[in-house]
Amino acid sequence: MERDRRIDYIELPATDIAAGKRFYTDVFGWKFTDYGPDYTSFEDGRLAGGLTKGGTVAQGGALVVIFAQDLEALEATVRRAGGTIVKPIFSFPGGRRFHFTDPSGNELAVWSEASSSREPRRRGPCP
């Protein structure tokens, strides 16, 4: 079974569900389905998850990493949508990425493959 032992759903704590929905819709185009005032689920076209008021935002937990073709454009979109860049774009073997916090304070990252053939290529978003 293709879903067996694979990440299937991610939940992010949110201090304000409406602000979280606006942010992730504006930045990534995620689609949302509300399940009451304290929970909404999202679909990004590949993975599903939710925003919940039932959790606590904490730094240093698992890092959700999203892929993007154009890091500079997406970094600008994150800023315009109210996100905070906590690590500007940096290079690592195989690519580049940046980290941001959403309006609730959750830290996520966005990565892209190396743009130069001189940089070593390695699969994945790890620095």
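What counts, and at which threshold
Residues numbered from 1 in each chain as written. Predicted model: local features only at pLDDT ≥ 70, side-chain atom pairs only at ≥ 80, totals over all residues. Heavy atoms only, no water. Helix = DSSP H or I, 4+ residues; strand = E, 2+ residues; numbered from the N terminus. Contact = heavy atoms within 4.5 Å. Pairing = 2+ DSSP bridges. Axes fitted to C-alpha atoms, helices over the stretch in contact; angles between N-to-C directions. Buried < 20%, exposed > 50% of the residue type's maximum accessible area, 1.4 Å probe, protein only. Phe/Tyr/Trp six-rings, centres within 6.5 Å; stacked < 30°, edge-to-face > 60°.

**Student:** Now, about the side chain of Thr77: what can you tell me, with residues and values included?
**Tutor:** Among the secondary structure elements, Thr77 is positioned in helix α2 (residues 71-80). Apart from residues lying up to four places away in sequence, Thr77 is in contact with Asp26 and Val27.

**Student:** Break down the sheet that holds strand β5 (residues 64-67) for me, with residues and values.
**Tutor:** The four strands lie next to each other as β5-β8-β7-β6, forming an open sheet whose pairing is mixed. The open sheet has two edge strands, β5 and β6 (84-92), and neither has a second partner. Between one strand and the next, the sheet's axes are offset by a mean angle of 20 degrees, whatever the strand orientation. One ladder, built from four bridges, connects β5 with strand β8 (residues 107-113); its direction is parallel. Each residue of the ladder has a partner; that of Phe67, found in β8, is Trp111.

**Student:** Now, about the pairing of strand β7 (residues 95-101): what can you tell me, with residues and values included?
**Tutor:** The side chains of a regular strand alternate, residue by residue, between the two faces of the sheet. With seven of its seven residues buried, β7 lies for the most part within the structure. Side chains Gly95, Arg97, His99 and Thr101 of β7 all project onto a buried face; the interleaved residues Arg96, Phe98 and Phe100 project onto the opposite face, where all are buried too. Where β6 lies against β7, six bridges are found, and the strand directions are antiparallel. Following the sheet pairing, Lys87 is matched in β7 by His99. Connecting β6 to the next strand, β7, in antiparallel fashion are two residues, including Gly94 with a positive phi near 105 degrees. Examined bridge by bridge, β7 and β8 share seven bridges and lie antiparallel to one another.

**Student:** Outline the packing of aromatic side chains, listing residues and values.
**Tutor:** For any pair of aromatic rings, the description rests on two quantities: the centre-to-centre distance and the angle between the ring planes. Evaluation of the coordinates by the stated rule reveals 11 aromatic pairs. On the numbers, 5.9 Å between centres and 45 degrees between planes, the contact of Phe23 with Phe100 is tilted. Taken together, the positions of Phe23 in helix α1 (residues 17-28) and Phe100 in strand β7 put the pair 77 residues apart, joining distant regions of the chain. Summarising the burial analysis for this pair, Phe23 and Phe100 share the class buried. Considering the side-chain rings of Trp30 and Phe42, the 4.2 Å spacing of their centres and the 15 degrees angle between planes classify their relative orientation as stacked. Taken together, the residues span a long stretch of sequence, with Trp30 in the loop between α1 and β2 (31-34) and Phe42 in strand β3 (residues 39-43) at a distance of 12 residues. Judged by relative accessible area, which is 7%, Trp30 ranks as buried. Grouping aromatic residues by their ring pairs yields a cluster made of Phe23, Tyr24, Phe28, Trp30, Phe32, Phe42, Phe98 and Phe100.

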